[in-house]
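Structural overview
Below are the chains, spelled out letter by letter.
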Amino acid sequence: MTAFFTVFVTIFLAELGDKTQLATLIYATDGDRPRWLIFFAASLALVASSGLAVILGAAAERSLSILPLKLIAGAGFIAIGGWMVFEYFHSTR
């Protein structure tokens, strides 16, 4: 059960303020669409994309060891963060 909560909290926090959440928010402002339809469509899209990520992750695990995958993902996040910090300071000149 600990693994479930670890994954849940990590993904939940990562999704807060994400462009997916913002797109869902924009759809919800349209009074012509039922809110339940927006909720279920957005939920299904997230389930489908998560399913694809699990399938691709399982395939990658078979061809690569887990340490390099974590290393590549971590380096990618650091690179994106560094780029965002650079862009911030570059745009405030």
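Refer to the structure printed above.
What this report covers is the structure whose coordinates are included nearby. (Residues numbered from 1 in each chain as written. Predicted model: local features only at pLDDT ≥ 70, side-chain atom pairs only at ≥ 80, totals over all residues. Heavy atoms only, no water.)

Notes on the overall build of the protein chain
We count it as follows: Helix and strand definitions follow DSSP, with helices as H or I runs of at least four residues and strands as E runs of at least two, each counted in order from the N terminus. Put simply, the radius of gyration uses C-alpha atoms, and a globule should come to 2.2 Å times the residue count raised to 0.38. Burial classification: accessible surface area is computed with a 1.4 Å probe over protein chains only, and a residue below 20% of its type maximum counts as buried, one above 50% as exposed, and the rest as partly exposed.
A tally of regular secondary structure across the protein chain gives four helices and zero strands. Element order for the protein chain, N to C, with α for helix and β for strand: α-α-α-α. For 93 residues, the compact-globule estimate of 2.2 N^0.38 gives 12 Å, and the protein chain exceeds it by more than 25% at 17 Å. Taking the principal axes of its C-alpha atoms as reference, the protein chain extends roughly 45 × 45 × 25 Å. Looking at the protein chain residue by residue over its 93 residues, the buried ones come to 3%.

Examining the packing of aromatic side chains
Note the threshold: Pairing of aromatic rings covers Phe, Tyr and Trp, the last counted by its six-membered ring, and requires centre-to-centre distances within 6.5 Å; plane angles under 30 degrees mean stacked, over 60 mean edge-to-face, and any other angle means tilted.
For the coordinates displayed, the defined rule picks out five aromatic pairs. Ring centres of Tyr-88 and Phe-89 lie 5.1 Å apart, and the angle between their planes is 75 degrees; on these two criteria the pair is classed as edge-to-face. Grouping aromatic residues by their ring pairs yields a cluster made of Phe-4, Phe-5, Phe-8 and Phe-12.

Things to note about the environment of Ile-55
Mapping Ile-55 onto the fold places it in helix α3 (residues 35-63). Ile-55 sits in the exposed class, given a relative accessible area of 57%. Through-space distance from the C-alpha of Ile-55 to that of Pro-68 is 18 Å; in sequence the pair is 13 residues apart.

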